[in-house]
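# Coordinates in review
Each chain, written out:
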Amino acid sequence: MEEIAVPIPPAELTVTSPEQMRQLGRRLAKLLRAGDLVLLSGELGAGKTTLCRGLGEGLGVRGAVTSPTFVIARVHPSLGGGPPLVHVDAYRLGGGLDEMEDLDLDVSLPDSVIVVEWGEGKVEELTDDRLHVVIHRAVGDTTDEVRHVTLTGIGERWAAVDLSVLSA
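Described in the following lines is the structure provided in the data block. No experiment lies behind these values; they were computed from the predicted model shown.

For His76, the location among the structural elements is in strand β3 (residues 73-76). On the accessibility criterion, His76 (2% relative accessible area) is buried. Within polar-contact distance, the side chain of His76 engages the backbone oxygen of Arg62 at 3.0 Å. When near neighbours in sequence (up to four residues on either side) are disregarded, His76 contacts Val61, Arg62, Gly63, Ala64, Val65, Pro84, Leu85 and His87.

Shown next, in the form of structure tokens:
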């Protein structure tokens, strides 16, 4: 008998400040391990890099986590025994995985946590298991700090992970 995959329910959170977004990143880091691929999606200014900054803090990596827009990717080695954080900004990359091949993400993935901003449609081929984080914010001329964050685990790796713990 063929096994039927049960969809993993996404976790939905509301974040009301940049500091809360960093805290979310720190909490999420506790769930991550080497080999994890995290895709961050959202409008410019939604908080993707702020979330990644919190991930870096939670993972205990060296170096300030800043947007790698102009260098495309930055590696932050662990200060402890954890995995390094590979932070990628695929905003300027138009193609799919072929264009990203020079980054050797497939080589880094087993030993690292790889976080790709603007990675949707570009890096899914790296692994069947990934966490997709979508950050929604009000668009236009607004000072609204409210963000709605949806975290969806895809694949066997995330099937047993309770993402609802992130709302604590």
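The rest of the description comes next.
Further remarks concern helix α2 (residues 48-59). Taking 1.5 Å of rise per residue, 12 residues should cover 16 Å, and α2 covers 16 Å from first to last C-alpha, within 8% of that figure. Buried within α2 are the following residues: Lys48, Thr49, Thr50, Leu51, Cys52, Gly54, Leu55, Gly56 and Leu59. The inward-facing, buried residues of α2 contact α1 (18-29), β2 (37-42), β4 (85-89), β5 (113-117) and β6 (130-137). Two residues or fewer after α2 comes Gly60, characterised by a positive phi angle close to 70°.

A few words on the pattern of salt bridges. With the rule as written, the count across this model stands at 4 salt bridges. With a shortest N-O distance of 2.0 Å, Glu57 and Arg22 are connected by a salt bridge. One end of the pair, Glu57, is in helix α2; the other, Arg22, is in helix α1, with 35 residues separating them in the sequence. The exposure class of Glu57 is partly exposed, given its relative accessible area of 33%. Arg22 sits in the partly exposed class, given a relative accessible area of 26%. Shared partners join several salt bridges into a network, and the residues in it are Glu19, Arg22, Arg26 and Glu57.

So, on to the pairing of β2. Burial analysis of β2 places 6 of its 6 residues in the buried class, the great majority of the element. Burial along β2 is two-sided: the residues Leu37, Leu39 and Ser41 and Val38, Leu40 and Gly42 are all buried. Two elements, β2 and β5, share 4 bridges in a ladder whose sense is parallel. Pairing of Leu40 across the sheet is with Glu117, part of β5. Relative to β6, β2 is paired through 5 bridges, and the arrangement is parallel. Its bridge partner being in β6, Ser41 is matched across the sheet by Val134.

In this section: the packing of aromatic side chains. Taken as a whole, this structure holds 0 aromatic pairs when the rule is applied. If you follow Arg157 out to its NZ or CZ, it ends over the ring of Trp158, 4.1 Å from the centre.

Cut-off values and rules
Residues numbered from 1 in each chain as written. Predicted model: local features only at pLDDT ≥ 70, side-chain atom pairs only at ≥ 80, totals over all residues. Heavy atoms only, no water. Helix = DSSP H or I, 4+ residues; strand = E, 2+ residues; numbered from the N terminus. Buried < 20%, exposed > 50% of the residue type's maximum accessible area, 1.4 Å probe, protein only. Polar contact = N/O pair within 3.5 Å; in protein donor to acceptor, adjacent residues only side chain to side chain. Contact = heavy atoms within 4.5 Å. Expected span 1.5 Å × (residues − 1). Salt bridge = Lys/Arg side-chain N within 4 Å of Asp/Glu carboxyl O. Pairing = 2+ DSSP bridges. Phe/Tyr/Trp six-rings, centres within 6.5 Å; stacked < 30°, edge-to-face > 60°. Lys NZ or Arg CZ within 6 Å of the ring centre and 35° of its normal.

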